[in-house]
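Descriptive structure summary
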Amino acid sequence: MGHKLKITGWISIGVMAGALTTVSLQTVARGTLTPLPLEELQQLAAVFGIVKSNYVEPVDDKKLITDAIAGMVAGLDPHSVYLDKKALKDFNEGTTGKFVGVGIEISQEDGLIKVVSPIEGSPAFRAGIKPNDLIIKINDTLVKGLTLSEGVKRMRGEPNTKVLLTIFRKSENRTFPVPIVREEIRTQSVRSKVIEPGYAWIRLSQFQERTVEDFARKMEEIYKQEPHLKGLVLDLRNDPGGYLDAAVAISAAFLPANVTVVSANGQLAESKFTYKAAPEYYQRRSGADPLKHLADVTKGALKSVPLVVLVNEGSASASEIVAGALQDHKRAKLMGNQTFGKGSVQTAVCLDSGFRMDNCPTAALKLTTSRYYTPSGNSIQAKGIVPDVMVDETAEGNLFAALRTREADLEKHLSNGQGDEKKGSVSDKVREDALKKLEDELKKPLAERKLPEYGSDKDFQLIQAINQLKGQTVLASKTLVERPEEKKEE
């Protein structure tokens, strides 16, 4: 029997190797003249055949190939991923701001699913899920060993169905179950209010398909209430990013026409681009430009209204593009904490030839293709944006900053390409001090421990932003500093 299996396995190897030889002779890597590596592909075929013939139980061919593709892409960097049919559906739903699930932004850490942040108002948010929580089990399935997309699949489902997440909370050194009822998540990416006469706050929690339209509508409402606005706070804290064109549009709302917002550089010609503050760079579909109507309603006031932008370690990607553009053009004062440092471009490519991503039938790749650069030419990747004024989260300090993960902490993260990458991790002494402060904080009643809601009258960073706009004293951080350069091993 064993001999027969080996023969079968070598036949599989021969068939697959022959097919791959044909591929290698007929196909070249895109953008280069280098043939695909025959020897390595034959080795892949050999592994495929050995697994098929020798594994303890039969394995589906499609699963083996799909897992090989997923592993190849996942090994590149934390943001490149293979999207099968279900993951593709979830991906498309997420960018529209509507899907059925628990409502969390996630990443991976040590093979587990890490909560970047719960979506405001979602079932996970109401259940008390916190940033940096680790999901170790979804129902009865251990997360260790699952890909991120597989984890998402298990958390998504039909409305009103239950899912049990087992959470490990590092800060409290405990594991506990959290039952959650799935529901349709309609993320409201823009919130706003007039803080006091003459001063307003507008928050973007994500850059989604309708963010620009919602932003324009909210700003029009603000100006109807306060036609002589003296100052505005643009809140990008914990904004994980989203659509690039939405980031360009929001930047264009405040910047002079046609100035550079962001540039990118990669291997291919289409991966090298510069986006400017003009409609042709951010209009995704035909129709009226919401920013033009906004400019008409406000008589162009957004181009000159005093502006403060709030950012923190959770501000990533598209939000960093906006912050960097407004800072480089000296259009706004940046306040808060150094940002996440996710300065890479992911391009979604449908693997079914001839199909667009919005109509892709089976599978796609989300692949890192470029690095982002601010208008002054600084790389955002693994470095982030440094605020003009560092401000703690609370009057008592920034208890959790030293314990938070940034791009530079992620395994296989892309370097920034400029040799001045900032290391996200901190010294043992700083981490120990932060843990001690956190332990003291956890001894307080739960209601006292919770960080104030963004936009509330207890939002310390927002209060400092308003003080900045008024020309009053700002309580800058005495402990937060720009992260030191990372010593990269050659």
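Preceding block: the structure.
Reference entry: report on the structure contained in this document. (Residues numbered from 1 in each chain as written. Predicted model: local features only at pLDDT ≥ 70, side-chain atom pairs only at ≥ 80, totals over all residues. Heavy atoms only, no water.)

Let's talk about the overall build of the protein chain
A tally of helices and strands in the protein chain yields 14 helices and 19 strands. Across the 490 residues that make up the protein chain, the buried fraction comes to 47%. For the protein chain, contacts bridging at least 24 residues in sequence account for 70% of all contacts bridging at least 6. Of the accessible surface of the protein chain, which amounts to about 24900 Å², a share of 54% is contributed by carbon and sulfur atoms. (Helix = DSSP H or I, 4+ residues; strand = E, 2+ residues; numbered from the N terminus. Buried < 20%, exposed > 50% of the residue type's maximum accessible area, 1.4 Å probe, protein only. Contact = heavy atoms within 4.5 Å. Areas by Shrake-Rupley, 256 points an atom, 1.4 Å probe, with all protein chains shown as cover.)

Some words on the environment of Gly266
Looking at where Gly266 falls in the secondary structure, it is placed in strand β13 (residues 260-266). Put simply, Gly266 and Ser344 are 78 residues apart on the chain and 9.7 Å apart in space, counted from C-alpha to C-alpha. Not counting residues within four places of it along the chain, the set of residues in contact with Gly266 comprises Ser271, Lys272, Thr369 and Ser370.

Focus: the side chain of Asp239
Note that Asp239 resides in the loop between β12 (231-235) and α8 (244-254). The buried charged residue Asp239 lacks any salt bridge, with Arg203 as its nearest oppositely charged partner at 6.6 Å. Excluding residues that lie within four positions of it along the chain, Asp239 makes contacts with Leu204, Ser205, Gln206, Phe207, Gly314, Ser315, Ala316 and Ser319. (Lys, Arg positive; Asp, Glu negative; His and termini not counted. Salt bridge = Lys/Arg side-chain N within 4 Å of Asp/Glu carboxyl O.)

Things to note about the pattern of salt bridges
Taken as a whole and assessed by the stated rule, the structure comprises 16 salt bridges. One salt bridge connects Asp235 with Arg203, and the closest N-O pair in it is separated by 3.6 Å. Separated by 32 residues along the polypeptide, Asp235 in strand β12 and Arg203 in strand β11 (residues 199-204) bring together distant segments of the chain. For the pair Asp235 and Arg203, one class covers both residues: buried. Linking Arg217 and Asp214 is a salt bridge whose minimum nitrogen-to-oxygen distance equals 3.2 Å. Of this pair, Arg217 and Asp214 both sit in helix α7 (residues 211-225), three residues apart, roughly one helical turn.

Re the state of the cysteines
Per the stated rule, a full pass over the model turns up one disulfide. With its sulfur 2.2 Å from that of its partner, Cys350 forms a disulfide with Cys360. Residues Cys350 and Cys360 are joined through a disulfide that is right-handed, its torsion about the S-S bond being 85 degrees. Placement of the pair is Cys350 in strand β17 (residues 344-350) and Cys360 in the loop between β17 and β18 (364-373), with a sequence separation of ten residues. The two residues Cys350 and Cys360 agree in class, both being buried. (Disulfide = S-S within 2.5 Å.)

With respect to the packing of aromatic side chains
Within this structure, the stated rule accounts for three aromatic pairs. A ring pair is formed by Phe215 and Phe254, whose centres lie 5.9 Å apart and whose planes are at 70 degrees; its orientation type is edge-to-face. On the criterion of sequence distance, the pair formed by Phe215 in helix α7 and Phe254 in helix α8 is long-range, its members being 39 residues apart. Overall, the relative accessible area of 0% leaves Phe215 in the buried class. Relative to Tyr275, the ring of Phe273 has its centre 4.8 Å away and its plane inclined at 35 degrees; by these criteria the two rings are tilted. (Phe/Tyr/Trp six-rings, centres within 6.5 Å; stacked < 30°, edge-to-face > 60°.)

Section: the environment of Glu120
Take Glu120: it is sitting in the loop between β4 (112-118) and α5 (123-126). The exposure class of Glu120 is partly exposed, given its relative accessible area of 34%. Between the C-alpha atom of Glu120 and that of Gln188, which follows or precedes it by 68 residues, the distance is 8.4 Å.

Some words on the side chain of Asn467
With respect to the element layout, Asn467 can be found in helix α14 (residues 460-470). Given a relative accessible area of 15%, Asn467 falls into the buried group. With residues near it in sequence (within four places) discarded, Asn467 still touches Gln472, Thr473 and Val474.

Observations concerning the pairing of strand β8 (residues 174-181)
The pairing of strand β7 (residues 162-169) with β8 spans eight bridges and is antiparallel. From the neighbouring strand, Lys162 faces β8, where its bridge partner is Val181. The turn joining β7 and β8, which pair antiparallel and follow one another in sequence, is formed by four residues; a positive phi near 50 degrees is taken by Asn173. (Pairing = 2+ DSSP bridges.)

Some words on the packing of α8 against helix α11 (residues 318-328)
Running from amino to carboxyl end, α8 crosses α11 at an angle of 25 degrees, the nearest separation of the two axes being 9 Å. Here α8 is positioned roughly parallel relative to α11, judged by the angle of their axes. By crossing handedness, the relation of α8 to α11 is classed as right-handed. Seen from α8, the contacting residues are Leu244, Ala247, Ile250, Ser251 and Phe254; seen from α11, they are Ala318, Ile321, Val322, Ala325 and Leu326. Across the contact of α8 with α11, the residue classes break down as nine nonpolar, one polar and no charged. (Axes fitted to C-alpha atoms, helices over the stretch in contact; angles between N-to-C directions. Parallel < 35°, antiparallel > 145°, perpendicular 65-115°, else oblique. Left-handed = near helix turned anticlockwise from the far one by under 90°. Nonpolar A, V, L, I, M, F, W, Y, C, P; charged D, E, K, R; others polar.)

Looking at the sheet that holds β12
A sheet is described by the order of its strands in space; here six strands give the open sequence β10-β11-β12-β15-β16-β19, paired in mixed fashion. Two strands lie at the open edges of the sheet, namely β10 (190-196) and β19 (389-390), each paired on one side alone. Across six bridges, β10 lies against β11 in antiparallel orientation. Residue pairing across strands places Glu196 opposite Tyr199, the latter belonging to β11. Across the sheet, α11 touches β12, β15 (307-311) and β16 (333-336), and the angle it forms with β15 is around 145 degrees.

With respect to the nonpolar core
The biggest cluster of nonpolar side chains holds 51 residues, and the ones touching the most others in it are Phe215, Leu234, Phe254 and Leu302. When residues in this core are grouped by element, the largest group, nine residues, is from α8. Those residues within four positions of Phe254 in sequence are excluded, and the remaining contacts are Phe215, Leu232, Leu234, Leu302, Lys303, Leu307, Leu326 and Arg331. (Core = buried A, V, L, I, M, F, W, Y, C linked by side-chain atoms within 4.5 Å.)

This is a description of form; function is not addressed.
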